Amino acid sequence: MTWWVIKVNRTYVINEEQAATIRMVFTLYSQGYGEKAIVNELSRLGRKDGHGNVS
């Protein structure tokens with residue numbers, strides 16, 4: 001199971017906080033940001049990674 005989907009009462013639900021991070025990555029990429037710039041921006045904004053940490 002992916003980290004942006006959680007299981008609740010035998011059904012799967014999108015984890016909106018993490019889904020927002022994924023949308024942000026795609027938006028930044030489409031604006032021309034590279035990998036390092038995206039990582040730096042996510043860190044600056046305090047976005048959590050797949051393990052729930054800000055790194």
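See the structure printed just above.
Please read these numbers as outputs of a predicted model, since none were measured by experiment.

Focus on the overall build of the protein chain
Within the protein chain, the regular secondary structure consists of two helices and two strands. In the protein chain, the order of α-helices and β-strands from amino to carboxyl end is β-β-α-α. Its C-alpha atoms give the protein chain principal-axis dimensions of roughly 40 × 20 × 15 Å. Per-residue burial over the protein chain gives 15% buried out of 55 residues. Taking the contacts inside the protein chain whose residues are at least 6 apart along the sequence as the reference set, 20% of them involve residues at least 24 apart. Here the protein chain displays about 4,400 Å² of accessible surface, and carbon together with sulfur accounts for 55% of that area.

Let's talk about unusual backbone geometry
One non-glycine residue, Asn9, lies in positive phi territory at about 50°. Positioned with a positive phi, Arg10 is a non-glycine residue whose angle comes to about 65°. Relative to the helices and strands, Arg10 is located in the loop between strand S1 (5-8) and strand S2 (11-14).

Re helix H1 (residues 16-30)
Relative to the 21 Å expected for 15 residues at 1.5 Å per residue, H1 spans 21 Å between its end C-alpha atoms, a close match to the ideal helical length. Every buried residue belonging to H1 is among Gln18, Ala19, Thr21 and Leu28, and all of these are buried. Just downstream of H1, Gly32 is the residue with a positive phi angle, here 100°.

What counts and what doesn't
- Residues numbered from 1 in each chain as written.
- Predicted model: local features only at pLDDT ≥ 70, side-chain atom pairs only at ≥ 80, totals over all residues.
- Heavy atoms only, no water.
- Helix = DSSP H or I, 4+ residues; strand = E, 2+ residues; numbered from the N terminus.
- Buried < 20%, exposed > 50% of the residue type's maximum accessible area, 1.4 Å probe, protein only.
- Contact = heavy atoms within 4.5 Å.
- Areas by Shrake-Rupley, 256 points an atom, 1.4 Å probe, with all protein chains shown as cover.
- Expected span 1.5 Å × (residues − 1).

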